[in-house]
Amino acid sequence: MNKLVKKIKELEKISGKLEPSESKRNKYFQQIQDYANGFINNIETLKAYSDKKVKRDLLSINGNKKPIKEIIKLYGKEIVDKGINAASGFHIGYIPGGGIYTSAIADFLAAVTNEYAGLYFASPGSVIIENEILNWLKSIFGFPKDSAGSLTSGGSIANLIALTAARDHHKIKSGKITESVIYLSPQTHHCIHKALKIIGLGDVIIRYILIDQYSRMDVSDLNSQIKKDKDDGLHPFLVIATAGTTDTGAVDPLMEIGNIAHKNKLWYHVDAAYGGFFILTRQKKASFRGIEMADSLVIDPHKGLFIPYGTGAVLVKNKEAVFQSHQYTANYMQDSTRNNTDIYNPADVSPELTRHFRALRIWLPLQIHGIEPFVACLEEKLLLTLYFRNRLLEIGFETGPEPDLSVSYFWYPFKNGDQNELNRKLLELVYKDGNVFFSSTIIDKKFVIRMAILSFRTKLKTIDQAVRILNNARLKVEKSGA
Ligand SMILES: Cc1ncc(COP(=O)(O)O)c(C=O)c1O
């Protein structure tokens, strides 16, 4: 016994290092804070993109310890300074990230107290806060109070949960799969296709609905494709609209699609991962009319609410449909039913059991700032999009049609040579410069540069600087003979 106690005490000395003293905690925190402050204070001068290679050997784990100073230096050099600087306002490609500071401090708190946000029994307060966020979302999007919902790691998992509910509600299994039909637009985000495969619906029939010049779904084509499938004895069960497509920011005609879905008794899913929060703006509120008709809805706070990566949300009106695949119990879980409550567990609407307290990273900023600066930021992004497009037209670029939200595209009409190749070259020069980041896409077989204005740090002067960089790049391409 003495030997055993002696060994435990020896180990305690070593394992105790995982609980640093207050002075060490302060030292760590001070250095992290200094780094964070330097990063934020200098963010406008940092590159938005760098294709420099990460030195992998410097990041390998060899079991040895390093001083925090060295680790932070490594973090800055090998992680932050390479690839896309997603916290930068000059990130105007893909769907830009957020990363508001008040979310970061919420994450710190949540990690220190390590709330177990999967079960009400384990952390009733964190579940109530998650439900407050979900109730707030329900009120914004006109969903009934008794809808189910979940905060997820992002839009992909949120879509997966919604599609699982649609599948279970319509009992799409075994022999029925190959006769069941889903209607969506060619602009639907690829995570929907991924989710369908994951949930065993890889063999359903997918009908792509025609889109108009603004990339919005053509409802008359939707109507006629559903009718034909019904006449042919197939089983239409799901229609997916997008409120803010990834390529062009298009908002499908939500009300008309909703009416068609309801008339034909189809599950109506709306992917508003990117565009959803623009419903809060005066300019765009009307574009979202009909979103309340959806059976399920996805919105990403890590996009339109400027929260750091790792926060999506799904709402589903039919609670039972979500519970079918997600609600489980087990002998080792029996204590979790001790609370006499009608509040369901977050784990009942999610593939996750143990969950990060991600609600705090939304709740805390909303408590500290109120909603006003978030709405102002979204309205600012819409105006910056118009401003950017106008500035581009002034210097001879051409732009795609007026966008529904804050994603648009453009290209330069070079006089000589292959337009696609030359615009690719132009973007390559922008990448080399690294002070601003755009992505590209293909629209109607044409290579175009995509602009997505959603970072809370993108300001008027960011756009002016981006225009200068684009103009310099196009002059260089022209000089090289275009
Ligand atoms: C419309 C849309 N849906 C879904 C997703 C996937 O979301 P996430 O990357 O958060 O998984 C995206 C991502 O850009 C998107 O734009």
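Report on the accompanying structure. (Residues numbered from 1 in each chain as written. Predicted model: local features only at pLDDT ≥ 70, side-chain atom pairs only at ≥ 80, totals over all residues. Heavy atoms only, no water.)

### Comments concerning the environment of A313
Okay, so step 1: Inspection of the secondary structure assignment puts A313 in strand β9 (residues 312–316).
Okay, so step 2: What makes A313 buried here is its relative accessible area of 0%.
Okay, so step 3: C-alpha of A313 to C-alpha of A104: the two residues are 209 residues apart in sequence and 19 Å apart in space.
Okay, so step 4: Once you skip the residues sitting within four places of it in the chain, A313 turns out to touch L137, S150, L151, T152, A158, L297, V298, I299, D300 and P301. (Helix = DSSP H or I, 4+ residues; strand = E, 2+ residues; numbered from the N terminus. Buried < 20%, exposed > 50% of the residue type's maximum accessible area, 1.4 Å probe, protein only. Contact = heavy atoms within 4.5 Å.)

### Overview of a positive patch on the surface
Okay, so step 1: A grouping of K47, K52, K55, K73 and K77 is seen on the molecular surface, where their side chains present a positively charged patch.
Okay, so step 2: Its location among the elements puts K73 in helix α4 (residues 68–80). (Patch = residues over 30% accessible without salt bridge, like charges linked within 9 Å, V, L, I, M, F, W, Y side chains within 5 Å. Areas by Shrake-Rupley, 256 points an atom, 1.4 Å probe, with all protein chains shown as cover. Salt bridge = Lys/Arg side-chain N within 4 Å of Asp/Glu carboxyl O. Lys, Arg positive; Asp, Glu negative; His and termini not counted. Charge placed at Lys NZ, Arg CZ, Asp CG, Glu CD.)

### Let's talk about the site of the ligand
Okay, so step 1: Taken together, 15 residues are adjacent to the ligand, and G155, S156, T246, D271 and H302 come closest.
Okay, so step 2: Residue D300 places a side-chain N or O atom 3.0 Å away from an oxygen atom belonging to the ligand.
Okay, so step 3: A distance of 2.8 Å separates an oxygen atom of the ligand from a polar side-chain atom of H302.
Okay, so step 4: Starting from 390 Å² of accessible surface for the ligand in isolation, the protein chains cover 84%.
Okay, so step 5: Mapped onto the shell around the ligand, the elements with two or more residues apiece are α7 (155–169) and α11 (301–304). (Near = heavy atom within 4 Å. Polar contact = N/O pair within 3.5 Å; in protein donor to acceptor, adjacent residues only side chain to side chain.)

### So, the sheet that holds β9
Okay, so step 1: With mixed pairing, seven strands are arranged side by side in an open sheet as β3-β9-β8-β7-β6-β4-β5. At either end of the open sheet lies a strand with only one pairing partner, and these are β3 (148–152) and β5 (205–208). Averaged over all pairs of adjacent strands, the angle between their axes in this sheet comes to 15°, without regard to strand direction.
Okay, so step 2: The sheet contact formed by strand β8 (residues 296–299) and β9 spans four bridges and is antiparallel. Across the sheet, residue V298 finds its bridge partner in β9, namely V314. (Pairing = 2+ DSSP bridges. Axes fitted to C-alpha atoms, helices over the stretch in contact; angles between N-to-C directions.)

### A word on helix α5 (residues 101–113)
Okay, so step 1: The end-to-end C-alpha distance of α5 is 19 Å, a good match for the 18 Å that 13 residues give at a rise of 1.5 Å each.
Okay, so step 2: Those residues of α5 that fall on the buried side of the exposure criterion are T102, S103, A106, D107 and A110. Down the axis, α5 shows its buried residues gathered within 145° of arc, on one side only.
Okay, so step 3: Among the structural elements, α13 (360–369) are those in contact with the buried residues of α5.
Okay, so step 4: One or two residues past the end of α5 sits N114, with phi positive at roughly 45°. (Expected span 1.5 Å × (residues − 1). Arc of directions from axis to C-beta.)

### Thoughts on the nonpolar core
For soluble globular proteins, nonpolar side chains are generally found buried alongside one another.
Okay, so step 1: One finds L137, Y268, V270 and I291 to be the most contacted residues of the largest nonpolar core, which totals 63 residues.
Okay, so step 2: Looking at which element gives the most residues to this core, the answer is helix α6 (residues 124–141), with six residues.
Okay, so step 3: When sequence neighbours within four positions are dropped, the list of residues in contact with Y268 reads V239, A241, L254, I257, G258, A261, G290, M293, A294, D295 and S296.
Okay, so step 4: Core analysis: the second largest hydrophobic core is formed by 32 residues, L384, L427, I449 and I469 among them. (Core = buried A, V, L, I, M, F, W, Y, C linked by side-chain atoms within 4.5 Å.)

### Overview of the pattern of salt bridges
Okay, so step 1: Taken as a whole and judged by the stated rule, the model has 20 salt bridges.
Okay, so step 2: Linking K82 and E78 is a salt bridge whose minimum nitrogen-to-oxygen distance equals 2.7 Å. Each member of the pair, K82 as well as E78, is classed as buried.
Okay, so step 3: A salt bridge links K459 to E380; its shortest N-O distance comes to 3.1 Å. Of the two residues, K459 is situated in the loop between β13 (446–452) and α16 (460–479) and E380 in helix α14 (residues 372–394); the sequence distance between them amounts to 79 residues.
Okay, so step 4: The structure contains a network of salt bridges with shared partners spanning E130, E352, R355 and R358.

### Looking at the side chain of N345
Okay, so step 1: Its location among the elements puts N345 in the loop between α12 (319–326) and α13.
Okay, so step 2: Separated by 2.7 Å, the side chain of N345 and the backbone nitrogen of Y120 make a polar contact.
Okay, so step 3: Those residues in contact with N345 that sit more than four places away from it in its chain are G118, L119, Y120 and F121.

### Overview of the environment of L137
Okay, so step 1: Of note, L137 is situated in helix α6.
Okay, so step 2: Sequence separation of L137 and I84 is 53 residues, and the distance between their C-alpha atoms is 30 Å.
Okay, so step 3: Not counting residues up to four positions away in its chain, the partners in contact with L137 are F277, I299, A313 and L315.

### Some remarks on the packing of helix α9 (residues 219–231) against helix α10 (residues 254–263)
Okay, so step 1: Orientation of α9 relative to α10, taken along the N-to-C sense of each, is 15°, at an axis distance of 10 Å. By the angle between their axes, α9 is roughly parallel relative to α10. α9 and α10 meet at a crossing whose hand is right-handed. Contacts between α9 and α10 involve V219, L222, N223 and I226 from the first element and E256, I257, I260 and K263 from the second.
Okay, so step 2: Of the residues that constitute the contact of α9 with α10, the class distribution is five nonpolar, one polar and two charged. (Parallel < 35°, antiparallel > 145°, perpendicular 65-115°, else oblique. Left-handed = near helix turned anticlockwise from the far one by under 90°. Nonpolar A, V, L, I, M, F, W, Y, C, P; charged D, E, K, R; others polar.)

### Regarding the side chain of K82
Okay, so step 1: Position of K82 among the secondary structure elements: in the loop between α4 and β2 (83–84).
Okay, so step 2: Taking relative accessible area as the criterion, K82 reaches 14% and is therefore assigned buried.
Okay, so step 3: At a separation of 2.7 Å, a polar atom in the side chain of K82 contacts the side chain of E78.
Okay, so step 4: Filtering out sequence-adjacent residues up to four positions away, K82 remains in contact with S50, K52, K53, V54, K55 and K77.

Nothing here speaks to function; it is all geometry.
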